[in-house]
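Geometric and topological summary
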Amino acid sequence: MKGFFVTGTDTGVGKTIIACGLAAVLKEKGMNVGVFKPFLSGISRDDPTSDTSLLKGNLKVEN
Ligand SMILES: Nc1ncnc2c1ncn2[C@@H]1O[C@H](COP(=O)(O)OP(=O)(O)OP(=O)(O)O)[C@@H](O)[C@H]1O
Ligand SMILES: C[C@H](N)[C@@H](CCCCCC(=O)O)NC(=O)O
């Protein structure tokens with residue numbers, strides 16, 4: 001298993017967008033891709049606009 005750790009120097013700099021794109025490209029190449037965001041602050045994970053919802057929706061996974 002290989003992984004990428006996406007980080008940045010501030011909030012709102014594009015970490016989530018980059019992670020979504022990276023995951024989508026790898027999936028498109030036929031790889032089995034998972035995403036892991038261990039902590040989420042400031043918004044419910046159930047909110048459709050949350051980072052975790054965007055990452056999940058991007059990969060079309062259930063959980
Ligand atoms: N390359 C880009 N060009 C234009 N807009 C961008 C780009 N990358 C991200 N954005 C926009 O910037 C905003 C913040 O991006 P994103 O949510 O990916 O940041 P983040 O680093 O994950 O933030 P946070 O730390 O708050 O979770 C979003 O509205 C996103 O659409
Ligand atoms: C909901 C957003 N995407 C993001 C908001 C982070 C705000 C940090 C504020 C601070 O600097 O204390 N939350 C998160 O990445 O878990």
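In this text, all values refer to a predicted model and were calculated from it rather than measured experimentally. All residue numbers refer to position in the chain's written sequence, counted from 1. Whichever chain is written first becomes A and whichever ligand is written first becomes 1, with later ones labelled in order. Local features are withheld for residues below a pLDDT of 70 in this predicted model, meaning they are given only at 70 or higher, and side-chain atom pairs are given and counted only at 80 or more; totals for whole chains, interfaces and linings count all residues. Hydrogen atoms and water are omitted, and side-chain values are computed over all heavy atoms in the structure.

1. Things to note about the side chain of Ser50
Tracing the backbone through its elements, the reader meets Ser50 in the loop between α1 (15-28) and α2 (51-59). Burial classification: accessible surface area is computed with a 1.4 Å probe over protein chains only, and a residue below 20% of its type maximum counts as buried, one above 50% as exposed, and the rest as partly exposed. What makes Ser50 buried here is its relative accessible area of 1%. Within the structure, the side chain of Ser50 is placed 3.4 Å from the backbone oxygen of Arg45, a separation counted as a polar contact. Once you skip the residues sitting within four places of it in the chain, Ser50 turns out to touch Leu40, Ile43, Ser44 and Arg45. Where helices and strands are cited, they refer to DSSP runs of H or I of at least four residues and of E of at least two residues respectively, numbered from the N terminus. Polar contact is the term for a pair of N or O atoms within 3.5 Å; when the atoms are in protein, one must be able to donate a hydrogen and the other to accept it, and sequence-neighboring residues count only if both atoms are side-chain atoms. Only heavy atoms enter the contact rule, under which two residues are in contact if any of them lie within 4.5 Å.

2. A short note on the site of ligand 1
If you check the shell around ligand 1, you find Thr11, Gly12, Val13, Gly14, Lys15, Thr16, Ile17 and Asp51 and nothing else. A distance of 2.9 Å is found between an oxygen atom of ligand 1 and a backbone nitrogen or oxygen belonging to Gly12. Out of a free accessible area of 630 Å², ligand 1 has 46% covered by protein chains. Top contributing element to the shell around ligand 1 by residue count: α1, with three residues. Only a single heavy atom is needed: when it lies within 4 Å of a molecule or strand, its residue is near that molecule or strand. Every accessible area reported is derived by Shrake-Rupley at a probe size of 1.4 Å, with residue values counting cover from the shown protein chains alone.

3. Quick notes on the confidence of the model for the protein chain
Put simply, the protein chain has an average pLDDT of 91, and 94% of its residues get 70 or more. Here the predicted complex carries an ipTM of 0.88, next to a pTM of 0.89. Each residue carries a pLDDT score, the predictor's own confidence in it, on a scale running from 0 to 100.

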